[in-house]
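# Examining the three-dimensional arrangement
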Amino acid sequence: MKVYLDNNATTMTAPEVVEEMLPFFSQMYGNPNSLHKFGTQTHPHISKAIDRIYTAINANDNDDVVITSCATESNNWVLKSVYNDKIKKGEKNHIVTTEVEHPSILSTCKWLEEQGVKVTYLPVNEEGVVEPHVVKSFITDKTALVSVMWANNETGMIFPVKEIAQICHEKGVLFHTDAVQAVGKIPVDVQNVRPDFMSFSAHKFHGPKGVGALYIRDSQALTPLLHGGEQMGGRRSGTLNVPGIIGMGKAIEMATEHLEETMAKVRAKRDRLEDALLEIIPDTFTVGSRDRRTPNTILISIRGVEGEGMLWDLNRYGIGASTGSACASEDLEANTVMLAIGADHELAHTGIRLSLSRYTTDEEIDYVIEHFKQAVDRLRAISSSYAKVQPTPGGETKECELH
Ligand SMILES: Cc1ncc(COP(=O)(O)O)c(C=O)c1O
């Protein structure tokens, strides 16, 4: 059996999405900018896809949604434009973000620091979440932008973005949120939360890879990302990725139209898996309380078991999981989110992320429960560190405690 539990890294493109995209490769392949029928016949399809995206996040006609190639691009664009528009002109010199953002934010911030920008990386609490009062305390009159993710990719923890947005608006500071792990998993309503900018990505909700978006409140100014043929209102020139846009439109509609029902089913499977693992494997814990996590995610720590070793064993059973951000999974570094929430170095190497999707079945969950335990037993039997730490006869299992 093969079981894919790495849906926070990427998802299967839904068959219905592929079906809607296909005609735009070999039949309706015209350039939407061309004046002939080959080009113009794509217009209603593109408009429909963009409408679907607006509807899914509740954007209104004054807002703008620019299609990009991925959320990494959207994140880079916002940070670098704010640097260009506000900081280089000398008005402001400070950006606030968190210690647990995706590398596409953190690496861009490191680069901005090299350009002389002051960046504050906010600490998180023991559940891996930044609290609004902490954000407030670090905003100064030099702060140009606050960038805080909507949900964390490794723990699934949901951040209080509505409160943070409100604080930013009161202080006259721009607010960006990376909603890559939120869209399609929890309700994302830009009128309710009111971010100035929001990044998201199609391949995380069963759309194609290579298509992302940046939501821009009230179509406010931002340095164009690509200069050229004036596509995307001149904000990001370049021939449109028509199949990708069509695919993103279909995928976001499918992911959001029955969100509550679909996610209730995912949550039930996730909880069953989590309960079973915590019950049958001693000395394990999961990070963050379930009701504040995206419904599909578990970050589980198994004392004495190196995350990477566990991944290999799971892989032998046909189970795909992760030790954290896919972009960083080739180096054997400790899980940065676990370090940020106070885990010691040894413990931070034991995290395994299991992320389900709406396609995960009950049979797959049964299979994972059975083989996860076998892998842990084998690895613990050869682990010198587990023999040393094994503290409590019968072991200890719990949700979210790291002290
Ligand atoms: C929270 C978060 N932000 C950004 C990204 C980057 O998305 P993309 O692959 O579209 O560049 C990811 C992907 O793992 C993510 O989880």
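Nothing here was measured: the structure is a model prediction, and the numbers come from that model. Throughout, residues of each chain are indexed from 1 in the direction in which the sequence is written. In view of the model being predicted, local features appear only for residues whose pLDDT reaches at least 70, and side-chain atom pairs are presented and counted only at 80 or more, with totals across whole chains, interfaces and linings using the full set of residues. Where side-chain values are given, they derive from all heavy atoms of the structure, hydrogens and water being excluded.

## Observations regarding the site of the ligand
Which entries qualify depends on this criterion: Nearness here has a simple test: a residue counts as near a molecule or strand if at least one of its heavy atoms is within 4 Å of that partner. Any N or O atom pair separated by 3.5 Å or less is treated as a polar contact, with the protein-specific requirement of one donor-capable and one acceptor-capable atom, and with residues adjacent in sequence counted only for side-chain atom pairs. Residue burial considers only the protein chains on display, and all accessible areas are found by Shrake-Rupley using a 1.4 Å probe. What counts as a helix is a DSSP run of H or I of at least four residues, what counts as a strand is a run of E of at least two, and both are numbered from the N terminus. Charged means Asp, Glu, Lys or Arg here, nonpolar means Ala, Val, Leu, Ile, Met, Phe, Trp, Tyr, Cys or Pro, and polar covers whatever is left, Gly included.
Near the ligand there are 14 residues, and of these Thr 72, Asp 178, Gln 181, Ser 201 and Lys 204 occur at the shortest range. One of the backbone nitrogen or oxygen atoms of Ala 71 is found 2.9 Å away from an oxygen atom of the ligand. At 2.6 Å from an oxygen atom of the ligand is found a side-chain nitrogen or oxygen belonging to Ser 201. Considered on its own, the ligand offers 390 Å² of accessible surface; in the complex 92% of this is hidden by protein. For the shell around the ligand, the leading source of residues is helix 5 (residues 71-87), giving three residues. When its residues are assigned to classes, the shell around the ligand shows four nonpolar, eight polar and two charged.

## Overview of unusual backbone geometry
How we decide: For every residue, the accessible area obtained with a 1.4 Å probe (protein chains only) is divided by the maximum for its type, and the residue is called buried under 20%, exposed over 50%, and partly exposed between those limits.
Positive phi outside glycine occurs at Ser 219, with the angle close to 50 degrees. As for its position among the elements, Ser 219 is in the loop between strand 8 (212-216) and helix 10 (242-257). On the accessibility criterion, Ser 219 (31% relative accessible area) is partly exposed. The backbone phi angle of Glu 230 is positive, close to 70 degrees, even though this residue is not glycine.

## Overview of a nonpolar patch on the surface
Note the threshold: Patch construction takes residues with relative accessible area above 30% that form no salt bridge. Like charges are linked within 9 Å, and nonpolar side chains (Val, Leu, Ile, Met, Phe, Trp, Tyr) are linked within 5 Å. Salt bridge, as used here, is a side-chain nitrogen of Lys or Arg placed within 4 Å of a carboxyl oxygen of Asp or Glu.
Judged by side-chain polarity, Val 18, Leu 22 and Phe 25 come together as a nonpolar surface patch covering roughly 280 Å² of accessible area. Here Val 18 lies in helix 1 (residues 15-21). According to the relative accessible area criterion, Val 18 is partly exposed, its value standing at 34%.

## Thoughts on the side chain of Glu 127
Looking at where Glu 127 falls in the secondary structure, it is placed in the loop between strand 4 (118-122) and helix 7 (132-138). Judged by relative accessible area, Glu 127 falls into the buried class, the value being 8%. A distance of 2.8 Å separates a polar atom in the side chain of Glu 127 from the backbone nitrogen of Ser 289.

## Remarks on the sheet that holds strand 7 (residues 197-201)
As a reminder of what qualifies: Strands are labelled as partners when DSSP assigns at least two bridges between them. In this description, a line fitted to the C-alpha atoms serves as the axis of each element, helices being fitted only across the stretch in contact, and the angle between N-to-C directions of two axes falls anywhere from 0 to 180 degrees. Contacts between residues were defined by any pair of non-hydrogen atoms, one from each residue, lying within 4.5 Å.
Spatially, the seven strands line up as an open sheet ordered 2-8-7-6-5-3-4, and their pairing is mixed. The outermost strands of the open sheet, each flanked by one partner alone, are strand 2 (64-68) and strand 4. Taken over all neighbouring pairs, the strand axes of this sheet differ in orientation by 20 degrees on average, direction set aside. Bridge count for strand 6 (residues 174-178) against strand 7 is three bridges, and the pairing is parallel. Bridging from a neighbouring strand, His 176 pairs with Phe 197 of strand 7. Packed on one face of the sheet, helix 4 (residues 43-57) meets strand 2, strand 7 and strand 8 and runs near 120 degrees to strand 2. Sitting on the sheet, helix 6 (residues 103-114) is in contact with strand 3 (94-98), strand 4, strand 5 (143-147) and strand 6, with an inclination near 150 degrees to strand 4.

Function cannot be read off these values alone, since they describe shape.
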